[in-house]
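Residue-level listing of the chains:
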Amino acid sequence: MVQIVRKASLPSPADLPEPLAQLAAQALATSLREPRPAGFPLLFTKQWQLIEPAVAFLHEHAIQRAHTADTLRTYTEILYDWFDTLEQNDIPWHKADAVDLVAYRNRMMSQPSPHTGRAYRTTTINHRVRGVLRFYAWAVRAHWLSESALADKTRDFAVSRRYSPIRTRYAADTERSIFVLRQYEPLPRPLVSGQARELLAYLAPPYDLMARWQLYTGLRISELLRLGVDDINGRPTPLTAHHTIEITRKGRKPGYVIAPASLLDETDGYISGLRFAWLKRARRRGRAAHHPALFVNARGAPVSKNAYQRAVSRAGLACGFKVTTHLLRATFACMLLARLEYLASEGAKVNPLLVVKILLGHEHIETTDRYLRAVAVDACVLKDVLDTLLAGSAEP
């Protein structure tokens, strides 16, 4: 079975016996042009042989191209699953062909995930298939392989593609691959005011405040977790109902969100109250508690993505409906778009889709268009959301 070993930090020479201490000192003195940080994933076969092409692929994308930690984790999971499948079937990676990839895809279609016990979603299957094709195309470009059936462009047939009539011009070659399943993107179903109130009432601090930020600003969860105390405290203090907060978007792009004054006042209270008390208790117990992150847990550590997602999911189930952190962002998008569409119909000179695209940080406006379709479907439901959540940024 393929194993993932995280790279550890080099030991201190003082902690090692004399023969090894000299080697450790030499290792620490060795300078590398592109060192891999501690925690970098290394893939090994069941015979503990390093899978060099996979590690080289991850090194290029994580170190040389400086992709984010989430991208590195995603690529690692895809390569781990693919190489583990090849190893279980005694297939050398450089000899894998279209038949092997089709069998890999069909296995995911017919068998549940061994990690979750649930059936794979079509988006997950396509994501992994595209990741494998991307890896083999890279292996040929990087001369790990002279050629590969999985990097042969003559095998690309335009018969199965993700339904997107406008964005097809952005589609890569792997998007048009015969290996990719037909995929239909579901429309978001925003929360109504009663559900939003019940969810926020059930969530414990600081998760309730984090959910408010997503409902009021449409932040992605990664953008939310990158917020620092300085981002909030460093804002100007004019007597306005809203403030502009500079943030770092997905892909390290600069951007901003417009936060209501009431949300920022509540955040100030959290900083001076719960956050201050949690960090003080952590320092008293000898834990590191000097984090710039805005949101910390009761132990004084920065809130993790998984912990926040679990808290929101469990709160939704306890309230009797299904909710995710992305649904909170979708609720903001739908309610804002519905409000802007109404203003445009009343004669306001505003482009609703363009405004929402900018505030959500979308790359293409076609991505924002799905929220417009959702608004058209759920107009009656959204009226209730708009009246409650947008009227002076009142309690949802």
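Residues numbered from 1 in each chain as written. Predicted model: local features only at pLDDT ≥ 70, side-chain atom pairs only at ≥ 80, totals over all residues. Heavy atoms only, no water.

1. A look at the pattern of salt bridges
- Summed over the entire model, instances satisfying the criterion amount to eight salt bridges.
- Note that R107 is salt-bridged to D81, the shortest N-O span being 3.6 Å. Here the residue R107 occupies a position in helix α4 (residues 98-110), and D81 occupies one in helix α3 (residues 69-88), the gap between them amounting to 26 residues.
- Assessed through its relative accessible area of 13%, D81 is described here as buried.
- One salt bridge connects R220 with E223, and the closest N-O pair in it is separated by 2.6 Å.
- When its relative accessible area of 2% is taken as the criterion, E223 is described as buried. (Salt bridge = Lys/Arg side-chain N within 4 Å of Asp/Glu carboxyl O. Helix = DSSP H or I, 4+ residues; strand = E, 2+ residues; numbered from the N terminus. Buried < 20%, exposed > 50% of the residue type's maximum accessible area, 1.4 Å probe, protein only.)

2. Comments concerning the environment of W93
- Of note, W93 is situated in the loop between α3 and α4.
- Sequence spacing of W93 and Y136 is 43 residues, and the spatial spacing of their C-alpha atoms is 9.6 Å.
- When residues no more than four places from it in sequence are discounted, the contact partners of W93 are P53, F83, L86, F135, Y136, A139, W144 and L145. (Contact = heavy atoms within 4.5 Å.)

3. Quick word on the packing of helix α2 (residues 52-64) against helix α5 (residues 122-141)
- Contact geometry for α2 and α5: axes closest at 11 Å, N-to-C directions at 95°. With respect to α5, the element α2 is oriented roughly perpendicular. Side by side, α2 and α5 meet where P53, A54, A56, F57, E60 and H61 of the first sit next to R134, F135 and W138 of the second.
- Class assignment of the residues belonging to the contact of α2 with α5 gives a composition of six nonpolar, one polar and two charged. (Axes fitted to C-alpha atoms, helices over the stretch in contact; angles between N-to-C directions. Parallel < 35°, antiparallel > 145°, perpendicular 65-115°, else oblique. Nonpolar A, V, L, I, M, F, W, Y, C, P; charged D, E, K, R; others polar.)

4. Observations regarding helix α11 (residues 305-319)
- The terminal C-alpha atoms of α11 lie 21 Å apart, and with 15 residues this matches the ideal 21 Å at 1.5 Å per residue to within 8%.
- Listed in full, the buried residues belonging to α11 are A307, Y308, A311, V312, A315, G316 and C319. Angularly, the buried residues of α11 cover 165° about the axis, an arc narrow enough to put them on a single face. Exposed side of α11, more than 90 degrees from the buried face: R314 and L317 are the residues found there.
- One or two residues past the end of α11 sits G320, with phi positive at roughly 95°. (Expected span 1.5 Å × (residues − 1). Arc of directions from axis to C-beta.)

5. Considering a nonpolar patch on the surface
- A cluster of nonpolar side chains, Y256, I258, L354, I358 and I365, forms an exposed patch at the surface whose accessible area comes to about 380 Å².
- Elements supplying a minimum of two residues to the nonpolar patch: β4 (254-260) and α13 (352-360).
- Tracing the chain through its elements places I358 in helix α13. (Patch = residues over 30% accessible without salt bridge, like charges linked within 9 Å, V, L, I, M, F, W, Y side chains within 5 Å. Areas by Shrake-Rupley, 256 points an atom, 1.4 Å probe, with all protein chains shown as cover.)

6. Digging into a positive patch on the surface
- A grouping of K280, R283, R284, R285 and R299 is seen on the molecular surface, where their side chains present a positively charged patch.
- Position of K280 relative to the elements: it lies in helix α10 (residues 261-284).
- A relative accessible area of 46% means that K280 is categorised as partly exposed. (Lys, Arg positive; Asp, Glu negative; His and termini not counted. Charge placed at Lys NZ, Arg CZ, Asp CG, Glu CD.)

7. Regarding the packing of aromatic side chains
- Applying the stated criterion to the full structure yields 14 aromatic pairs.
- For the ring pair W82 and Y104, a centre distance of 5.1 Å and an interplane angle of 80° mean the geometry is edge-to-face. One end of the pair, W82, is in helix α3; the other, Y104, is in helix α4, with 22 residues separating them in the sequence.
- Its relative accessible area of 1% is what places W82 among the buried residues.
- For the pair W93 and F135, a centre-to-centre distance of 5.7 Å together with 55° between the ring planes defines the contact as tilted. With W93 in the loop between α3 and α4 and F135 in helix α5, this residue pair connects regions lying 42 residues apart in the sequence.
- Classification of W93 as buried rests on a relative accessible area of 17%.
- Grouping aromatic residues by their ring pairs yields a cluster made of F57, Y75, W82, F83, W93, Y104, F135, Y136 and W138. (Phe/Tyr/Trp six-rings, centres within 6.5 Å; stacked < 30°, edge-to-face > 60°.)

8. Concerning the packing of helix α6 (residues 193-202) against α11
- Running from amino to carboxyl end, α6 crosses α11 at an angle of 120°, the nearest separation of the two axes being 9 Å. The angle between α6 and α11 places the two elements in the oblique class. Judged by the twist between their axes, the crossing of α6 over α11 is right-handed. Residues E198, L199 and Y202 of α6 lie in contact with α11, whose contacting residues are V312, A315, G316, A318 and C319.
- Grouping the amino acids of the contact of α6 with α11 by side-chain chemistry returns six nonpolar, one polar and one charged. (Left-handed = near helix turned anticlockwise from the far one by under 90°.)

9. Observations regarding α3
- Over its 20 residues, α3 runs 28 Å from end to end, which matches the ideal 28 Å to within 8%, given 1.5 Å per residue.
- Positive backbone phi, approximately 55°, marks D90, located one or two places after α3.

10. Comments concerning the side chain of R105
- Along the chain, R105 falls in helix α4.
- Other than its neighbours up to four places away in sequence, R105 contacts I125, V129, I178, F179 and L181.

11. Observations regarding the environment of V355
- On the secondary structure map, V355 appears in helix α13.
- Leave out the neighbours within four places in its chain, and V355 touches L340 and V350.

12. A closer look at the nonpolar core
- Grouped together as the largest cluster of nonpolar side chains are 58 residues, with contacts concentrated most on W213, L227, F295 and Y308.
- In this structure F295 touches P206, L209, M210, W213, L224, L227, Y270, P302 and V303, once residues within four positions along its chain are discounted.
- Grouped together as the second largest cluster of nonpolar side chains are 40 residues, W93, Y104, Y120 and F135 included. (Core = buried A, V, L, I, M, F, W, Y, C linked by side-chain atoms within 4.5 Å.)

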